[in-house]
Every structure is written in structure tokens, then in C-alpha cells.
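Given next are the chains, with one letter for each unit.
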Amino acid sequence: QVELLESGGGVVQAGGSLRLSCAGSGRSFASYTMGWFRQAPGKEREFVAAINWNGVMTSYVDSVKGRSTISRDHAKNAVYLQMNSLKPEDTAVYYCAAAPSWTLEGMNSHSYAYWGQGTQVTISA
């Protein structure tokens, strides 16, 4: 069993930065692939970024590539998503999720077994 808790959301002006955090608990947390997904009002949940268990492999959706970085800290049982040059279209509820393996570069939400409650990110124009 893995429990996830996101934090770090808020209201930011366009062009600003945010770092989202995901605190994990559970005996095998360090072995999981971790992903960030987001869901905007009226839209389907979409993949944002993923990182494998040892941080060697990462993947990003094209819309955030080059301005976002996913990372993890095993000592703190945490995963982070640093987002820069934020745009109004980044506004969404952001969720972190844990998957038992690295498949399809972490992009498939069906691969993830555990989900956090989400944190709201609002980017004002």
C-alpha cells in the first residue's frame, strides 16, 4: 500500500514558477515509478511527467518539455515537479501517482495503482 500527498499548488502569474511536491509513504515507495498527471475543468486527465524508480529515466508531455523537471528524493520519500515559464493553459488539478513498473515511459494512467488527492494550480494571465 502506498499513500501519496501532493502540495505546492497555488495561484501564480503567467511566466512564474512552482514546485509541486508529492510525499509518499509505504514500504516499497522507492521502487515505484512516479508520475504527475493533471486535469483541467471539462478536460480529461492528461500525463505530465514520469520518473522511474532510480531517476535514470524520465518522460514529459510535449507541452511542458523544456520548462519542467521531475525529480525524486529517496531519503525523503518524495517526488517533485518543478514547473517554469507557467502558462494559463497549465491551470489544472495536479495529481501524483505510483506505478509498480516503468511501462510505456510512464505515460499510461492505467499503469498507476495509487493516486494522491491532487493540488490545484492556477495560472493567471
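See the structure shown above.
Residues numbered from 1 in each chain as written. Predicted model: local features only at pLDDT ≥ 70, side-chain atom pairs only at ≥ 80, totals over all residues. Heavy atoms only, no water.

Q: Looking at this structure, how should I read the sheet that holds strand β3 (residues 18-25)?
A: Pairing between the strands of a sheet comes from backbone hydrogen bonds, and it takes one of two forms, parallel or antiparallel. Spatially, the four strands line up as an open sheet ordered β1-β3-β8-β7, and their pairing is antiparallel. This sheet does not close on itself; its edge strands, each paired only once, are β1 (3-7) and β7 (68-73). Neighbour-to-neighbour, the strand axes of the sheet open up by a mean angle of 15 degrees, direction not taken into account. Two strands pair when backbone bridges link them, and β3 and strand β8 (residues 78-83) are joined in this way by six bridges, in the antiparallel orientation. Following the sheet pairing, leucine 20 is matched in β8 by leucine 81. (Pairing = 2+ DSSP bridges. Helix = DSSP H or I, 4+ residues; strand = E, 2+ residues; numbered from the N terminus. Axes fitted to C-alpha atoms, helices over the stretch in contact; angles between N-to-C directions.)

Q: Could you clarify how one ought to interpret the nonpolar core in this entry?
A: Core analysis: the largest hydrophobic core is formed by 34 residues, its most contacted members being Leu4, Met34, Trp36, Ile70, Val79, Leu81 and Tyr94. Elements with a contribution of two residues or more to this core: β3, β4 (33-39), β5 (46-51), β8, β9 (92-99) and β11 (119-124). Apart from residues lying up to four places away in sequence, leucine 4 is in contact with Cys22, Ala23, Gly24, Phe29, Met34, Cys96, Ala97, Ala98, Tyr114, Trp115, Gly116 and Gln117. (Core = buried A, V, L, I, M, F, W, Y, C linked by side-chain atoms within 4.5 Å. Buried < 20%, exposed > 50% of the residue type's maximum accessible area, 1.4 Å probe, protein only. Contact = heavy atoms within 4.5 Å.)

Q: What is the right way to look at the environment of leucine 86 in this model?
A: Assignment of secondary structure puts leucine 86 in the loop between β8 and β9. Its relative accessible area of 2% is what places leucine 86 among the buried residues. Spatially, the C-alpha atom of leucine 86 lies 5.5 Å from that of glycine 16, the residues being 70 residues apart in sequence. Once you skip the residues sitting within four places of it in the chain, leucine 86 turns out to touch Val12, Ala14, Gly15, Gly16, Ser17, Leu18, Arg67 and Ile123.

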